[in-house]
Amino acid sequence: SAFSKGGKDQGKGKGKSKRKEGGKGHLLPKTRLSAEKFTGTVSAWKGKYGWIQPNEEIEHEKAKLHKGGIFVGLSDLEGGITELTVGATVEFHVTE
């Protein structure tokens, strides 16, 4: 464990992410995959990110991950919106 007894540098640099962007994937340029908007319900909002449960199944290899939930980051919000409300109905495009 990174939090076991010993020096404070133990486990440093061994984050969960194996990607080279190191947790910054939500800031990378995105490609829109959907022509039409989908609708869904906000299932969680954690201040800077959250999850949307789509109203219809999304045909994509990653769509089955996270119990079908779609990740949404603060940078994905448009029109001056700075947060989402759990239970709210939203429209969204699928990007990757």
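Everything quoted here is computed from the prediction, not taken from an experiment. (Residues numbered from 1 in each chain as written. Predicted model: local features only at pLDDT ≥ 70, side-chain atom pairs only at ≥ 80, totals over all residues. Heavy atoms only, no water.)

A. Structural detail: the pattern of salt bridges. Summed over the entire model, instances satisfying the criterion amount to three salt bridges. Put simply, Glu91 and Lys37 hold a salt bridge, and the shortest N to O gap is 3.9 Å. Taken together, the residues Glu91 in strand S4 (residues 89–92) and Lys37 in the segment before strand S1 (38–45) connect sequence positions 54 residues apart. With a relative accessible area of 58%, Glu91 lands in the exposed category. Of the charged contacts in the structure, one is a salt bridge between Lys64 and Glu57, with a shortest N-O distance of 2.7 Å. (Salt bridge = Lys/Arg side-chain N within 4 Å of Asp/Glu carboxyl O. Helix = DSSP H or I, 4+ residues; strand = E, 2+ residues; numbered from the N terminus. Buried < 20%, exposed > 50% of the residue type's maximum accessible area, 1.4 Å probe, protein only.)

B. Region of the structure containing the pairing of S4. Only one face of S4 is buried: it carries Val90 and Phe92, and the other face, with Thr89 and Glu91, is open. Sheet analysis places S1 next to S4, joined by four bridges and oriented antiparallel. Within S4, the residue paired with Phe38 across the bridge is Phe92. (Pairing = 2+ DSSP bridges.)

C. Structural context of the packing of aromatic side chains. Applying the stated criterion across every chain yields a total of three aromatic pairs. Ring geometry for Phe38 and Phe92: centres 5.8 Å apart, planes at 20°, overall stacked. Of this pair, Phe38 sits in strand S1 while Phe92 is found in strand S4, placing the two residues 54 residues apart along the sequence. Residue Phe38 is classed as buried on the basis of its relative accessible area of 15%. Relative to Phe71, the ring of Tyr49 lies with its centre 5.8 Å away and its plane at 15°, an arrangement referred to as stacked. Here Phe71 lies in strand S3 (residues 70–73) and Tyr49 lies in strand S2 (residues 49–54), a separation of 22 residues in the sequence. Note on Tyr49: relative accessible area 37%, which makes it partly exposed. (Phe/Tyr/Trp six-rings, centres within 6.5 Å; stacked < 30°, edge-to-face > 60°.)

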